[in-house]
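# Examining the three-dimensional arrangement
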Amino acid sequence: MTMTHTLTPTADLASGIEDVARLLTPDGERIADPDLDRWVEDVDASVLRGLYRDMVLVRRIDTEGVALQRQGQLALWPPCQGQEATQVGTARALRADDFAFPSYRETGVVHVRGAKPADFVLAWRGEEHSTYNPYEINTATQQIIIGAQSLHAVGYAMGIQRDGTDQVSVAYFGDGASSQGDVNEAMVFASSYRSPVVFVCVNNHWAISEPVTVQAKYPIAGRAPGFGIPSMRVDGNDVLACLAAMRWALDHARRGNGPAFIEAVTYRMGPHTTSDDPTRYRDKEEVETWRRRDPISRLEALLRAQGEFDDAFAASVEADADALAREVREAAMSATTREPLTMLDHVYAEPHSGIDEQRAWFGAYLDGFASAQAGAEEVAR
Amino acid sequence: MTQLTMAKSINEGLRRAMADDPKVLVIGEDIGKLGGVFRITDGLQAEFGADRVIDTPLAEAGIVGTAVGLAFRGYRPVVEIQFDGFVYPAFDQIVCQVAKLHYRTRGNVTMPITIRIPWAGGVGAAEHHSESPEAYFVHTSGLRVVAVSNPQDAYVMLRQAIASNDPVVYFEPKRLYHTKGEVDLGVDLADAPPMGLARVAREGTDVTLLTYGSQVGIALDAATAAEDDGVSIEVIDLRSISPVDYRTVTASVRKTGRVVVTHEAAREAGVGAELIASVTERCFHYLEAPPQRVTGHDIPYPPAKLEKHHLPDLDRILDAVDRVLDRPNSLTGVFEQ
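Anyway, here's the lowdown on the structure attached to this text. (Residues numbered from 1 in each chain as written. Chains lettered and ligands numbered in written order. Predicted model: local features only at pLDDT ≥ 70, side-chain atom pairs only at ≥ 80, totals over all residues. Heavy atoms only, no water.)

## A look at the state of the cysteines
- All told, the structure shown has zero disulfides over all chains when counted by the stated rule.
- Its sulfur unpaired, cysteine 242 of chain A is 12 Å from the next cysteine sulfur, which belongs to cysteine 201 of chain A. (Disulfide = S-S within 2.5 Å.)

Right under this line is the structure:
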């Protein structure tokens, strides 16, 4: 491309949801893609069945999360229904020692990385701000501030460069986050330092009530080359394409070629969170269109066509999902709230006179209620 | 002991911290070949390489946000914000991430990040180059905030800040960069007073004058001038403004019964407000007069030609001393306090 002439966008958002790299049609037909095929040559039926199992489990965790919120067991839940292929496909491409920086909706990424049942519910119940130890599953705490984690991923990748390893750091963020300064700065830093980081922009079409067209008039994947970062726009409801695209991106970064960018075009089937009412801002028809592109039934269709999906397999996946849902539910129902004084823990890593003083006072204050209670019981006796 | 400017003592602090710990990185704008706009990082890139003394794109949120990621990875980033007024784009990363990640992860992730900020006025600079934003950070739990007043403290407290597993916002008064003082570079950091400890910079019996950073020297001058007038001022250099060493502060106020606070920052909801509220809670029955604040006006930082009328100076401090001593002062007959 010559830069001496007026540069104009070569596509617009109206090119729509069909302008994506894809290996599975919405009907589950395997199609060829010259860029993606070579990254999934080794993917056989057992891998596909594994991806299917992952997606069903993630959907079940999600369904359970919504139900638990409706029953008052959780304060809030951010549903990820519809986004299972993006989350599972990209996360399954990671190595265990790569490091992911997910957003709050990346339930599937966290699941693939090894989160335990309680990890999905304790934060949304309000018991903790986070649960798993990031270093145990090489996955940062799920980020709530929109786009902030993109910079953390780049910084982590800068650390990888200094350590001389071939790990890769991954930033997950949404279409809304693509407007944030942090995300754009992250791309500048990553490009400038050629850091081993993969940006996964999960374009689920909605930032609460704002359609993606409020954020972008040009496909978001089209921005990355302007930062000097190669990118790919992939069907986010096609788990095989997501796996392939992520393998391409990770390989690019792992080889020392710098960052790569993936826009996974998917759809948030549910509300932004359980507090949201999407009927106020989007049409049923749009939701129905995307229901026909469901990532799980799409893979099921492929497996059936291959003769790899039978009742026994379906039953075993169903049993796994039931068991996981039960564990998630039990983790929520059996959660105990920690002692109030512990909320003063970990504000600082080292002793702090201000916190020590407040802890001493608050402890004495709480003890006062305990001794008053004991006194009242004494009187009653 | 050796005579060093504050700029050089900070430079030495960085150099020795980097030499002692390969995990220490220095990150900021123009800090490499140029050595920083104040030359604080002079020579460091030549000595430690561009991998450890990192020139960044011009994006403060990016600088602090990537420092968070480096800390995640086990590094100890020392961030240079080029000027006080440039820290605001990084505010979200400092307040929502740097300050909270240790708490959020229940101690699993530490943020040993030092954020150095060339700070405050008195140097005739352009707009946004003379600000005193410390109260924003003091108000944020999870951060430690220090302000240095002399080359020795600048060296020792920087080393301590870098060694701390907590994030530290480290304010360097620009107008003191070229002030020389005795520095013991061989000081045993473990034996040196911790950065959370206040220092009685001058003992006195009549009035306690609380201050930090660039105002410490002015406070000491005021104490010298007051002595001629028969008034004995105890000057306390807080050093750490979060947390504040109230043990030292209250001991002084209970002795003198009178307290004046001075800082360059605006008055409203400033550090002085917090200090006086806390001193009043702890020492009310010892107080002989209403505590007084000597601060910048509640205005955006004024043009350089006017800054001398904005910044607290010796006379404004002595005027407040007169107020706590119930001597004739600028408010006498003006209005009822």
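Moving on from the coordinates now.
## Regarding the packing of aromatic side chains
All names here are of chain A.
- Scanning all chains against the criterion turns up 29 aromatic pairs over all chains.
- Considering the side-chain rings of phenylalanine 101 and tyrosine 156, the 5.8 Å spacing of their centres and the 65° angle between planes classify their relative orientation as edge-to-face. On the criterion of sequence distance, the pair formed by phenylalanine 101 in strand E1 (residues 99–101) and tyrosine 156 in helix H5 (residues 148–163) is long-range, its members being 55 residues apart. Tyrosine 156 shares its class with phenylalanine 101; the two are buried. (Phe/Tyr/Trp six-rings, centres within 6.5 Å; stacked < 30°, edge-to-face > 60°. Helix = DSSP H or I, 4+ residues; strand = E, 2+ residues; numbered from the N terminus. Buried < 20%, exposed > 50% of the residue type's maximum accessible area, 1.4 Å probe, protein only.)

## Examining the sheet that holds strand E9 (residues 199–202) of chain B
Residue and element names in this part refer to chain B.
- The mixed open sheet is built from five strands, whose spatial order is E9-E11-E10-E13-E14. Strands with a single pairing partner mark the edges of an open sheet, and in this sheet they are E9 and strand E14 (292–296). Strand-to-strand twist of the sheet, defined as the mean angle between neighbouring strand axes without regard to direction, takes the value 25°.
- When strand E10 (residues 207–211) meets strand E13 (residues 259–266), the two strands line up parallel, connected through three bridges. Residue leucine 210 lies in a different strand from E13, and its bridge partner there is valine 261.
- The strands that helix H12 (residues 314–324) touches are E10, strand E11 (233–237), E13 and E14; relative to E14, the one it contacts most, it runs at about 160°. (Pairing = 2+ DSSP bridges. Axes fitted to C-alpha atoms, helices over the stretch in contact; angles between N-to-C directions. Contact = heavy atoms within 4.5 Å.)

## Quick look at the sheet that holds strand E6 (residues 231–235) of chain A
All names here are of chain A.
- A sheet is described by the order of its strands in space; here five strands give the open sequence E1-E2-E3-E7-E6, paired in parallel fashion. Of all strands in the sheet, those bounded by a partner on one side alone are E1 and E6. For this sheet, the mean angle separating the axes of adjacent strands, direction not counted, is 20°.
- As judged from the five bridges shared by E6 and strand E7 (residues 260–265), these two strands associate in the parallel manner. Within the sheet, the bridge partner assigned to aspartate 235 lies in E7 and is valine 265.

## Quick notes on the interface of chain A and chain B
- Each partner contributes residues to the interface: chain A has 45 residues there, and chain B has 48 residues.
- The salt bridge involving arginine 73 of chain B is made with aspartate 163 of chain A; its shortest N-O contact spans 2.7 Å.
- There are 27 residue pairs in polar contact (both at pLDDT 80 or more) connecting chain A and chain B.
- If you list the elements that add at least two residues to the side of chain A that touches chain B, you get E1, H5, helix H6 (181–193) and helix H12 (353–380) of chain A.
- Counting residues per element, the side of chain A that touches chain B draws most heavily on H5 of chain A, at 11 residues.
- Within the side of chain A that touches chain B, the residues separate by chemical class into 20 nonpolar, 16 polar and nine charged. (Salt bridge = Lys/Arg side-chain N within 4 Å of Asp/Glu carboxyl O. Polar contact = N/O pair within 3.5 Å; in protein donor to acceptor, adjacent residues only side chain to side chain. Nonpolar A, V, L, I, M, F, W, Y, C, P; charged D, E, K, R; others polar.)

## Some points on a nonpolar patch on the surface
- Judged by side-chain polarity, Trp361, Tyr365 and Phe369 of chain A come together as a nonpolar surface patch covering roughly 380 Å² of accessible area.
- With respect to the helices and strands, the residue phenylalanine 369 of chain A is situated in helix H12. (Patch = residues over 30% accessible without salt bridge, like charges linked within 9 Å, V, L, I, M, F, W, Y side chains within 5 Å. Areas by Shrake-Rupley, 256 points an atom, 1.4 Å probe, with all protein chains shown as cover.)

## What about the packing of helix H8 (residues 215–228) of chain B against H12 of chain B?
Residues and elements named next belong to chain B.
- Where H8 contacts H12, the axes come no closer than 9 Å and their chain directions differ by 60°. With respect to each other, H8 and H12 are oriented oblique. With respect to the hand of their crossing, H8 and H12 are arranged in right-handed fashion. Between H8 and H12, the residues in contact are Gln215, Ile218, Ala219, Asp221, Ala222, Ala225 and Ala226 and Leu314, Ile317 and Leu318, respectively.
- Among the residues forming the contact of H8 with H12, the class breakdown is eight nonpolar, one polar and one charged. (Parallel < 35°, antiparallel > 145°, perpendicular 65-115°, else oblique. Left-handed = near helix turned anticlockwise from the far one by under 90°.)

## Observations regarding the pattern of salt bridges
- Inspection of the entire model under this criterion finds 48 salt bridges over all chains.
- For aspartate 251 of chain A, the salt bridge identified is with arginine 255 of chain A, shortest N-O distance 2.7 Å.
- A relative accessible area of 22% means that aspartate 251 of chain A is categorised as partly exposed.
- On the accessibility criterion, arginine 255 of chain A (59% relative accessible area) is exposed.
- For lysine 8 of chain B, the salt bridge is made with glutamate 12 of chain B, and the minimal N-O distance between the two is 3.9 Å. One end of the pair, lysine 8 of chain B, and the other, glutamate 12 of chain B, are both in helix H1 (residues 6–20), four residues apart, so they sit about a helical turn from each other.
- Residues joined by salt bridges that share partners form a network here, namely Glu18, Arg22, Asp235, Arg293 and Arg298 of chain A.

## Regarding helix H4 (residues 117–125) of chain A
Residue and element names in this part refer to chain A.
- Inspection of H4 places Pro117, Asp119, Phe120, Val121, Leu122 and Trp124 among the buried residues, and these make up the whole buried set.
- Where H4 is buried, its residues meet helix H1 (45–70), helix H3 (107–113) and helix H11 (311–333).
- Phi turns positive, to about 95°, at glycine 126, one or two residues after H4.

## Details of the pairing of E7 of chain A
All names here are of chain A.
- In terms of residue burial, E7 counts as a mostly covered element, since six of its six residues are buried.
- For strand E3 (residues 197–203) and E7, the ladder comprises six bridges, and the chain directions are parallel. Paired with cysteine 201 across the two strands is glutamate 263, which belongs to E7.
- Chirality of the crossover, the property in question, places the unit of E6, helix H8 (residues 239–254) and E7 among those that are right-handed. (Right-handed = clockwise from strand over helix to strand, strands pointing away.)

Purely spatial values, then, with no claim about function.
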